[in-house]
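Structural overview
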Amino acid sequence: MSARILIIEDEQKIARFVELELTHEGYETEKAFDGRAGLELALRGDFDLVLLDVMLPGLSGLEVLRRLRNESSVPVIMVTARDAVMDKVSGLDMGANDYITKPFAIEELLARIRAVLRQTEQHSPAHMAALRCGALCLDPARHTVAYGDTPVNLTYKEFLLLQTLMENRDIVLSRDTLLERVWGYDYLGETNVVDVYIRYLRQKLDDVFDVKLIHTVRGVGYVIKGDET
Ligand code: CA
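Read on for a plain summary of the structure.

Each value, and the rule that gives it
Residues numbered from 1 in each chain as written. Predicted model: local features only at pLDDT ≥ 70, side-chain atom pairs only at ≥ 80, totals over all residues. Heavy atoms only, no water. Helix = DSSP H or I, 4+ residues; strand = E, 2+ residues; numbered from the N terminus. Buried < 20%, exposed > 50% of the residue type's maximum accessible area, 1.4 Å probe, protein only. Areas by Shrake-Rupley, 256 points an atom, 1.4 Å probe, with all protein chains shown as cover. Lys, Arg positive; Asp, Glu negative; His and termini not counted. Charge placed at Lys NZ, Arg CZ, Asp CG, Glu CD. Pairing = 2+ DSSP bridges. Contact = heavy atoms within 4.5 Å. Axes fitted to C-alpha atoms, helices over the stretch in contact; angles between N-to-C directions. Donors = N, O, S within 2.8 Å, 3.2 Å for Na, K, Ca; no water. Phe/Tyr/Trp six-rings, centres within 6.5 Å; stacked < 30°, edge-to-face > 60°. Parallel < 35°, antiparallel > 145°, perpendicular 65-115°, else oblique. Left-handed = near helix turned anticlockwise from the far one by under 90°. Nonpolar A, V, L, I, M, F, W, Y, C, P; charged D, E, K, R; others polar.

Looking at the overall build of the protein
- Regarding its fold elements, the protein presents nine helices and 12 strands.
- Seen along its three principal axes, the alpha-carbon backbone of the protein occupies a region of about 60 × 35 × 30 Å.
- Among the 229 residues that make up the protein, the fraction classed as buried is 50%.
- Put simply, the protein shows about 11800 Å² of open surface, and 49% of that area lies on carbon and sulfur atoms.
- Both charge centroids of the protein, one from 27 positive and one from 37 negative side chains, sit 2 Å from each other.

What about the sheet that holds strand β10 (residues 173-174)?
- What the three strands build is an open sheet, ordered β10-β12-β11; its pairing is antiparallel. In the strand order of this sheet, the two ends are held by β10 and β11 (214-217), each with one partner.
- Strands in contact with helix α6 (residues 156-167) are β10, β11 and β12 (221-224); relative to β12, the strand with the most contacts, it is inclined by about 75°.

Notes on the pairing of strand β8 (residues 144-147)
- Side-chain alternation along β8 places V145 and Y147 on a buried face and T144 and A146 on a face that remains uncovered.
- From the end of strand β7 (residues 136-139) to the start of β8, which pair antiparallel, there are four residues, and H143 there has a positive phi angle of about 60°.
- Bridge count between β8 and strand β9 (residues 150-152): three bridges; the pairing is antiparallel. Along β9, the bridge assignment pairs V145 with V152.

A few points about the coordination of the calcium ion
- Taken together, D10 (OD), D53 (OD) and M55 (O) make up the full set of protein donors to the calcium ion, lying 2.1 to 2.3 Å away.
- Going along the chain, you hit the donors of the calcium ion in the pattern D-x42-D-x1-M. Of the two residues, D10 sits in the loop between β1 (4-8) and α1 (12-24) while M55 sits in the loop between β3 (49-53) and α3 (61-71), which places them 45 residues apart along the sequence.
- A relative accessible area of 28% places D10 in the partly exposed class.
- The exposure class of M55 is exposed, given its relative accessible area of 60%.

Some words on the packing of aromatic side chains
- For the structure on display, the rule yields three aromatic pairs.
- Aromatic pair W183 and Y197: ring centres 5.2 Å apart, planes at 70°, arrangement edge-to-face. Pair noted here: W183 is in helix α7 (residues 175-183) and Y197 is in helix α8 (residues 193-204), with a separation of 14 residues, a long-range link.
- Between the aromatic rings of Y197 and Y200, the centroid separation amounts to 5.1 Å while the plane-to-plane angle is 70°, which identifies the pairing as edge-to-face. With Y197 and Y200 both in helix α8, this residue pair falls three residues apart, about one helical turn.
- Since its relative accessible area comes to 32%, Y200 is described here as partly exposed.
- Taken together, the ring pairs connect W183, Y197 and Y200 into an aromatic cluster.

Notes on the packing of α6 against α7
- In the contact formed by α6 and α7, the axes pass within 9 Å of each other and the chain directions differ by 125°. Compared by their axis directions, α6 and α7 come out oblique. The handedness of the crossing between α6 and α7 is right-handed. Across the interface between the two elements, K157, L160, L161, T164 and L165 of α6 pack against L178, R181, V182 and W183 of α7.
- Taken together, the residues of the contact of α6 with α7 sort by class into six nonpolar, one polar and two charged.

Considering the sheet that holds β9
- A sheet is described by the order of its strands in space; here four strands give the open sequence β6-β7-β8-β9, paired in antiparallel fashion. With one partner strand each, in any of the chains shown, β6 (131-133) and β9 form the two edges of the open sheet. Neighbour-to-neighbour, the strand axes of the sheet open up by a mean angle of 25°, direction not taken into account.
- Its contacts with the sheet put α6 on β6, β7 and β8, and the angle it makes with β7 is roughly 110°.

If you want it as structure tokens, here you go:
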């Protein structure tokens, strides 16, 4: 079955060009020309990927992304203006999977789409069994975390970071690996973002439940351990 891609882009010429190229590659596409219509379509939930322009009438692309992420983990590639570094950083922080800068070569867009679809395939329902670590349980399908019977509220990035650690239980992951898996290889923000988010996770897990789940391995990185010692 071919992947379904939603194109949210107000410049109709670009939208049509991208649609033509994607259709040619065998993808199914739909278009929306403003933020509100795009969000509505994206929330309908039957897309495999959303191409989201940042500069949109109605709702901005970042606002569409923020609202979308409240309910959906559908992969999003942001389309930003050249040099709009802030948009890229905010977009990735808010849970965009990748971004591409206008004007782009169609080959680059296609490569990024393939990469993001490949990444998310690994998290498809067949691979989405709940992850456990002692009393900690993360359910990727429902996007929930609980310690024993107590639900834990995590932001999108905190969730991804914890998921990555739990998928590699008892394996030490370097900061670079975590940065790449959670924030993307071309992340442009602060490099200590991993440490900051590890601290957030510890505040919400280790501190609240008085356990030691996330261990620092000095000079190497972080590991989550199942035995809680
Ligand atoms: Ca635009």
